[in-house]
Amino acid sequence: MIKKSPVGTVRKLTLSFTAALVVSCLSPAVLSAETDTGGEVEVLHWWTAKGEMNAADVLQHSLEQQGIGWKNFAIAGGGGESAMTVLKSRAVSGNPPSAAQLKGDDLQEWGMLGFLTNLNKVADAEHWDQLLPPVISRIMKYQGHYVAVPVNIHRVNWLWVNPNLMQQAGATVPDSLDAFFVAAEKLKAAGIVPVALGSDPWQEVTLFESIALAVLGPVDYRRAFVELDMSQLGGDKMVEVFRRFIAMRQYIDVKTKAMEWSDASAMVVHGEAAMQFMGDWAKGELTAMGKLPGQDILCIPAPGTQGYFTYNIDSFAFFKNNSAKHLKAQEMMAHTILTPDFQRQFNLAKGSIPVRHDVSLAGFDPCSRASAEAFKNSEVHNTLVPSLSQGLATSSYVQAAIFDVVTDFFHSKNADPEQAAHRLARAVKSAR
Ligand code: BGC
């Protein structure tokens, strides 16, 4: 069984570098090399699956149409772990890219180190405070200043279902965890793999967080993973989360070889597995495979999480540089990303929904429309929760500690839910 290191382990090491490195990053020698690039942006991202590349193409073309050159800096690996490692080595060697896909708490960590360009000029001129939902604008700011521009809203608590396989097994699309286990048992009895799951720790945590949301509900989910309340992390309800999580393992063809999330999506499309727990970037992949989401492959809220919305917001941050031309290109990119036309085209390809509520969803598939509806309702009912697996809930240090406990538990032969909950509380306490 392959066990990779969690997202945050490397982050912790590198982000603890001192301010001296920030200074070296901005040394004049480095700046002159960057100045030569003119109106070009070098963009680091991890959008390398088919649907993701289609979305990145939209961004590239929108910039090129305005005379801004695009230097692609794509680092494969869903969840962005490898991309973050590469970004850190470029940044600490004094040569960061102009723009990088950075999100959630990472923005605070990079902001604190002084690397990021202040975007207030564009944000004020274009009224981002009024344009963006507060839950999103808050994430984009470091100490009250915009340091990133949001691209989209992904919903993470989705279950993707192959309806033909469900029918073959006489299974019903599940709307609760209990119903999920009934369906999974029927599928297994019919010789069908119930759940496709790739091999990365973040994919296992994606499954874990959906179960946690179903068992804990949004209030206790936030208490546990945002407020880091020890009694929630080590409490009885968390024991139940681990119990349900490990019960799922028998319905998953746990991989011994590396497998991407997009390979798991392809298994559902090709009838090799009935379901996948995954954010709606999976939908970009389905669309790229010529499938109609909501019809060929169904999208339903992860069982037991109807009415809740686990958000993952992709965003770009820009690295400081003394060249005015360079800054102009960064500001143009930030401006472009929030234009209604870009928001529509990009999100149609990516599987996510626009961050602006005033963008028309005409032509979007039923899953995107359901996602937009769920987001609005969750804003009103306070049932929006940040994704733990995607780095939106807590710092990279705490996230790494949680990933370790969750993935060790998932792969352990003698997984003990009570011990796991206690370990979780202890690990978070020492990492925070
Ligand atoms: C990103 C998505 C991406 C997914 C898989 C997530 O961390 O937010 O945009 O599609 O990883 O690569």
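Residues numbered from 1 in each chain as written. Predicted model: local features only at pLDDT ≥ 70, side-chain atom pairs only at ≥ 80, totals over all residues. Heavy atoms only, no water.

**Student:** Now, about the nonpolar core: what can you tell me, with residues and values included?
**Tutor:** Residues Trp-160, Phe-225, Leu-233, Met-238, Phe-242 and Met-248 are the most contacted members of the largest nonpolar core, which totals 80 residues. Element by element, the count of residues in this core is highest for helix H12 (residues 201–225), at 12 residues. (Core = buried A, V, L, I, M, F, W, Y, C linked by side-chain atoms within 4.5 Å. Buried < 20%, exposed > 50% of the residue type's maximum accessible area, 1.4 Å probe, protein only. Helix = DSSP H or I, 4+ residues; strand = E, 2+ residues; numbered from the N terminus.)

**Student:** So what about the confidence of the model for the chain? Which residues, and what values?
**Tutor:** Overall, the predicted model of the chain reaches an average pLDDT of 91, with 91% of residues at or above 70. With pLDDT under 50 throughout, residues 1–38 is counted as low confidence; its partners more than four residues away or in other chains account for 63 contacts. (pLDDT = per-residue confidence, 0-100. Contact = heavy atoms within 4.5 Å.)

**Student:** Give a detailed account of unusual backbone geometry, specifying residues and quantitative values.
**Tutor:** Not every positive phi belongs to a glycine, and His-127 is a case in point at roughly 55°. In this fold, His-127 is placed in the loop between helix H7 (120–125) and helix H8 (128–131). Even without being glycine, Gln-143 reaches a positive phi, approximately 50°. Relative to the elements of secondary structure, Gln-143 occurs in the loop between strand E4 (141–142) and strand E5 (145–146).

**Student:** How would you summarise the side chain of Asn-152 if you had to cite specific residues and measurements?
**Tutor:** Within the secondary structure, Asn-152 sits in the loop between strand E6 (148–150) and strand E7 (154–155). In this view, Asn-152 contacts Asn-312, Ile-313, Asp-314, Phe-346, Asn-347, Lys-350, Ser-352, Ile-353 and Val-355; residues no more than four positions away in its chain are not counted.

**Student:** Now, about helix H21 (residues 417–431): what can you tell me, with residues and values included?
**Tutor:** Taking 1.5 Å of rise per residue, 15 residues should cover 21 Å, and H21 covers 21 Å from first to last C-alpha, within 8% of that figure. Among the residues of H21, those classed as buried are Pro-417, Ala-420, Ala-421, Leu-424, Ala-425, Ala-427, Val-428 and Ala-431. One side of H21 carries all its buried residues, which in axial view fall inside an arc of 165°. Along H21, the residues that are exposed and aim more than 90 degrees away from the buried face are Gln-419, Arg-426, Lys-429 and Ser-430. Where H21 is buried, its residues contact helix H13 (230–233), helix H14 (236–248) and helix H20 (396–411). Between a side-chain oxygen at the N-terminus of H21 and the backbone nitrogen of Glu-418 the separation is 2.9 Å; the capping residue is Asp-416. (Expected span 1.5 Å × (residues − 1). Arc of directions from axis to C-beta. Polar contact = N/O pair within 3.5 Å; in protein donor to acceptor, adjacent residues only side chain to side chain.)

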